[in-house]
Amino acid sequence: MRQSRKLDHLKYSLALADGPGDSGFADISLIHNCLPDLAWNQIDISSSIAGIPLRHPLIINAITGGADDVAAINKSIAKFAHLTNTAMAVGSQYAALEYTDVKHSYKVVRENNPYGTIFANLGAYATPEEAQLAVEMIDAQGIQIHLNVAQEIVMKEGDRDFSGYLSNISRIVDKVKVPVIVKEVGCGIAREQAMLLASTGIRAIDVGGTGGTNFIAIEAARSQATINPDILSWGIPTVISAVETKSVLPAHMDMMVSGGVRSALDVVKSLALGGIATGMATPIIRMLCEKDIDYAVNWFQNFLYEIQSYMLFLGASSIRTLAETPIVITGHSKDWLTARGIDIMNYATYKKHG
Ligand SMILES: Cc1cc2nc3c(=O)[nH]c(=O)nc-3n(C[C@H](O)[C@H](O)[C@H](O)COP(=O)(O)O)c2cc1C
């Protein structure tokens, strides 16, 4: 069952469009700096998350593993990651903890990217011991713990008990020997939960908001169930989730922005919102499955060039200084954040993030 689910997820993520929930990137405007006082070569696009260095701010987010048939895709993602110096996460490793014969579908990632940065991935129900095993399985530098309550509820065979997650995450943090990052998978994280998560000792939050891959839609398509369309837009737009999370995140914690990040401009907006890294999932597998690795590597080189161009236009020489550039928040994001009492005027000056 789990093996065919992994294939279904890939199939439907490629077949279905993003959304219908919005990411909110259109509500963010960046302000051109006509006097950047910078040379192209002075711009440093390197970053880090949870103390782990990154050559650039894009991470290939968790996608797959756990079935014989997805090992080839993981190999291809790992090769792409290696060729482009991109950190990557594997998909949930629970399958390999239950069935050791599918471990190879994860280990193939480390085999094809021996020196790269790789994140392990498990759900928040995993025991601390399982989390440590997942890390060791692929010699991971960090572990992502995913939260996906809406997906589970739409999934016929999904979990129905989500109690005790917060204390379990604290136990995982205490046990594993690498930094822990908590992520949503497309419904976003509000500031109330971001604050609670910050108290567990995790090092970073990946907001994983709406506007990109939609696991509610994927699970509905898998089960061929009739579903009320209202639920398809459920969740917090990525941009709103990023501002909510950043508003309560302690300075020692990092924010990653994902969910519908589709362009270099989306990446730069995410970093200007205070993210230190961004994640992308479906566009990467779409390129690797529907085009080929050469196409993907070429796309990626242009992508980085565009990021650096926007940084120059903003007068930002580093990811940290990018977070200090002013941005204007309008539209639904402005209305939402204002109603929530979050000071968006602060974002329009150089003083944001305190
Ligand atoms: C086929 C597929 C499988 C995924 N499996 C996992 C998973 O096992 N664990 C997880 O944390 N996220 C998983 N995700 C979610 C992604 O990591 C990411 O949060 C989500 O797709 C939103 O990013 P995107 O809009 O760039 O695709 C999966 C995504 C895809 C497309």
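Residues numbered from 1 in each chain as written. Predicted model: local features only at pLDDT ≥ 70, side-chain atom pairs only at ≥ 80, totals over all residues.

With that settled, the discussion passes to the packing of helix α8 (residues 191-198) against helix α10 (residues 238-248). It is at 8 Å that the axes of α8 and α10 come closest, and there the two elements cross at 45°. On the basis of their axis angle, the class for α8 and α10 is oblique. Judged by the twist between their axes, the crossing of α8 over α10 is right-handed. Touching Arg191, Ala194, Met195 and Ala198 of α8 are Glu244, Thr245, Ser247 and Val248, all from α10. Classifying every residue of the contact of α8 with α10 by side-chain character gives four nonpolar, two polar and two charged. (Axes fitted to C-alpha atoms, helices over the stretch in contact; angles between N-to-C directions. Helix = DSSP H or I, 4+ residues; strand = E, 2+ residues; numbered from the N terminus. Parallel < 35°, antiparallel > 145°, perpendicular 65-115°, else oblique. Left-handed = near helix turned anticlockwise from the far one by under 90°. Contact = placed C-beta atoms within 7 Å. Nonpolar A, V, L, I, M, F, W, Y, C, P; charged D, E, K, R; others polar.)

Residues Arg191, Gln193, Ala194 and Leu197 constitute the buried set of α8. The buried residues of α8 occupy one face: seen down the axis, they fall within an arc of 160°. Looking at the packing, one finds that the buried side of α8 touches β8 (180-184), β9 (204-206) and α10. (Buried ≥ 20, exposed ≤ 12 C-beta atoms within 10 Å, placed from the backbone. Arc of directions from axis to C-beta.)

Once that is clear, we can look at helix α9 (residues 215-223). Within α9 the residues assigned to the buried category are Phe215, Ile216, Ala217, Ile218, Glu219 and Ala220. Following α9 by one or two positions, Gln224 has its phi on the positive side, about 55°.

Overall, parallel pairing links the eight strands, which are arranged β4-β5-β6-β7-β8-β9-β10-β11 in a closed barrel. Between one strand axis and the next, the sheet turns through 30° on average, direction left out of account. Judged from the five bridges that link them, strand β6 (residues 118-123) and strand β7 (residues 142-147) form a sheet pairing that is parallel. The residue of β7 that forms the bridge with Asn121 is Gln144. (Pairing = 2+ DSSP bridges.)

Here β7 lies mainly inside the structure; six of its six residues are buried. Side-chain alternation along β7 places Gly142, Gln144 and His146 on one buried face and Ile143, Ile145 and Leu147 on a second face that is also buried. At this point the chain moves from β6, through helix α5 (residues 128-138), to the parallel β7, and the crossover so formed is right-handed. Note that β7 and β8 share five bridges and pair parallel. From the neighbouring strand, Ile143 faces β8, where its bridge partner is Val180. (Right-handed = clockwise from strand over helix to strand, strands pointing away.)

Below, the discussion takes up the site of the ligand. Lining the immediate surroundings of the ligand are 25 residues, of which Gly91, His146, Gly212, Thr213 and Ala281 lie closest. The set of elements that each furnish at least two residues to the shell around the ligand consists of α1 (2-15) and β7. By residue class, the composition of the shell around the ligand is seven nonpolar, 17 polar and one charged. (Near = placed C-beta within 6 Å.)

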